[in-house]
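Below are the chains, spelled out letter by letter.
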Amino acid sequence: MVKAVVGANWGDEGKGKITDMLAERADIIIRFQGGANAGHTIINDYGKFALHTLPSGVFYDHTTSIIGNGVALDIPVLFKEIQSIIDRGVPAPKILVSDRAQMVMSYHKNFDAYEEERLGGKSFGSTKSGIAPFYSDKYAKIGFQVSELFDEELLKEKVARIADQKNVMLEHLYHKPLIKPEELYHELMEYKEMVGPYVCDTSSYLHNALKEGKEILLEGQLGTLKDPDHGIYPMVTSSSTLAAYGAIGAGIPPYEIKKVITVCKAYSSAVGAGAFVSEIFGEEADELRRRGGDGGEFGATTGRPRRMGWFDCVASKYGCRLQGTTDVAFTVLDVLGYLDEIPVCVGYEIDGEVTTDFPVTHLLEKAKPVLAKLPGWKCDIRGIKTYEELPENCRKYVEFVEEQIGYPITMVSNGPGRDDIIYRG
Ligand code: GDP
């Protein structure tokens, strides 16, 4: 059976923790999209880790971790990450890398930085991990696929062709140092050496695993609102963040995805630019940011302070719908225990009309939040193991959100650890 763990919102919902938790009973965990531009924070028996490329199942020795074909594969980052977990006592994980994955090259990162520099104040807030230039090249059909590393003749010809093409931009648009084909070739040979032992026809591997009845998890990065089609375009990421894309980015049939576990955080946070209707500012935001997540809401990759807001039912209802949610995992609920009253965004007012349907970007920019206020529970709920033991106002908060978004909250996370989870229903 295949389950997908994906985000309903802007990312950072706590997918890493939920994946790590579910991985205990999984055989295979797959990253199917995105790159090293976002991080998952995981806390388990080995300590606290920020993973960017490795799937969140690498901490168990019974699991196989797969980097799917849909991923933007940053080989040096992958290898640094593998080494860093081994250095901290985690057994060497079993990793397979799709022969059809494409590689983030050093020039992709340079182009990312050069473009942000060129755009100045109008930049997209890129993490400069090369993700947008990488996916642009993939779809322009000038990317490097892992399989090509093993065809040196093809590679030599391609390196010269790509350098020619990239150098036009470097010279005339960005006025930056040019790419030397021999250096590019050398970079690729280094990557070949590093990735060689892990390369596999992963879709064929998964085909067999499915026949054998293995438990497979697809781990998404970011959330619905960062999807290039269904998100807040153009303030989106460059690969689809939807569970449906898991079939493509892993190379499995779509009908094999039987469960879609959509992770929603009990309040909102976002990074980068773009409309964020329920956003809060000043001391109110600082306090939530300080108390949020585990040790504050700061980017796992960049350390940037995240933008903060109240739970957004409009965005989350939409986010869950596009994912095809079967279960909602409602996370970080423990953080809200300090509030007397908890505001929740239940509608958007756009040009004087209130809607609960998430709009396209130019209307979203005009939306003002319609807030409801729920009574807080004013205590620490960490350590509670059953739903019935939660304070009444806390249960009311969960049930209010569930009613508004229209998808069943079957898991409530009340702490960052693996065991901080309450199952419902
Ligand atoms: P992801 O990208 O969706 O995996 O999310 P991140 O890892 O960026 O952000 C989630 C943060 O919240 C991490 O610091 C987690 O350790 C933390 N976290 C996850 N679930 C809970 C929870 O239920 N309670 C608390 N306090 N922290 C949580």
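Refer to the preceding data block for the structure.
The numbers attached to residues start from 1 for each chain and follow its sequence in the written order. Only residues with pLDDT of at least 70 get local features here, since the model is predicted, and only at 80 or more are side-chain atom pairs given and counted; chain-wide, interface and lining totals rely on the full set of residues. To get the side-chain values, all heavy atoms of the structure are used, and hydrogens and water are removed first.

1. Observations concerning empty space enclosed by the protein
As defined here, a cavity is a set of points on a 1 Å grid over the protein atoms alone where a 1.4 Å probe fits but cannot get out. A pocket is an open set with protein on both sides within 12 Å along at least five of seven lines, and residues line them when an atom is within 4 Å of a point. Grid points are joined across faces, edges and corners, and a volume is the space filled by probe spheres set on the points. Here the structure, examined in full by the defined rule, presents one cavity of 30 Å³ or more. Empty space within the largest cavity amounts to approximately 30 Å³. Taken together, Trp-10, Ile-232, Ala-275, Phe-276, Val-277, Tyr-348, Phe-358 and Leu-364 make up the lining of the largest cavity. Class assignment of the residues belonging to the lining of the largest cavity gives a composition of eight nonpolar, no polar and no charged. Throughout this entry, Asp, Glu, Lys and Arg are counted as charged residues, while Ala, Val, Leu, Ile, Met, Phe, Trp, Tyr, Cys and Pro are counted as nonpolar. The remaining residues, Gly among them, count as polar.

2. Concerning the pairing of strand 5 (residues 64–67)
Of the two faces of strand 5, the one holding Thr-64 and Ile-66 and the one holding Ser-65 and Ile-67 are both buried throughout. In this scheme, strands are said to pair when DSSP sees at least two bridges between them. Counting from the N terminus, the helices are the DSSP runs of H or I reaching at least four residues and the strands are the DSSP runs of E reaching at least two. As judged from the four bridges shared by strand 2 (residues 28–31) and strand 5, these two strands associate in the parallel manner. In the strand pairing of strand 5, Ile-30 is matched with Ile-66. Sheet topology places strand 5 next to strand 7 (residues 94–98); four bridges connect them, and they run parallel. Type-normalised accessible area, obtained with a 1.4 Å probe on protein chains alone, sets the label of each residue: buried when under 20%, exposed when over 50%, and partly exposed for intermediate values.

3. Side note on the sheet that holds strand 1 (residues 2–7)
Strand order in this open sheet of ten strands is 9-7-5-2-10-1-11-16-20-21, and the pairing throughout is mixed. Two strands in the sheet have a free side with no partner beyond their single neighbour: strand 9 (199–200) and strand 21 (421–423). Alignment of strand 20 (residues 409–413) against strand 21, held across three bridges, turns out to be antiparallel. Looking across to strand 21, one finds that Val-412 is bridged to Ile-422.

4. Overview of the site of the ligand
Among the 21 residues in the neighbourhood of the ligand, the closest are listed as Gly-16, His-40, Thr-41, Asp-334 and Ser-413. Whenever two N or O atoms come within 3.5 Å, that pair is a polar contact, provided that in protein one can donate a hydrogen and the other can accept it, and provided that, for residues adjacent in sequence, both atoms are side-chain atoms. Separating an oxygen atom of the ligand from a side-chain N or O atom of Asp-12 is a distance of 3.0 Å. Interatomic distance of 2.7 Å between a backbone N/O atom of Gly-16 and an oxygen atom of the ligand. Coverage of the ligand by the protein chains reaches 98% of its 580 Å² of free accessible surface. For this analysis, a molecule is said to be in a pocket or cavity if more than half of its atoms are within 2 Å of the grid points defining it. A molecule is said to occupy a pocket when more than half its atoms come within 2 Å of that pocket's grid points, and by this definition the ligand occupies the second largest pocket. Looking at the shell around the ligand residue by residue, the classes come out as four nonpolar, nine polar and eight charged. Any residue with a non-hydrogen atom lying within 4 Å of a molecule or strand is treated as near it. Shrake-Rupley sampling with a 1.4 Å probe provides the accessible areas, and residues are treated as covered by the protein chains on show and by no other component.

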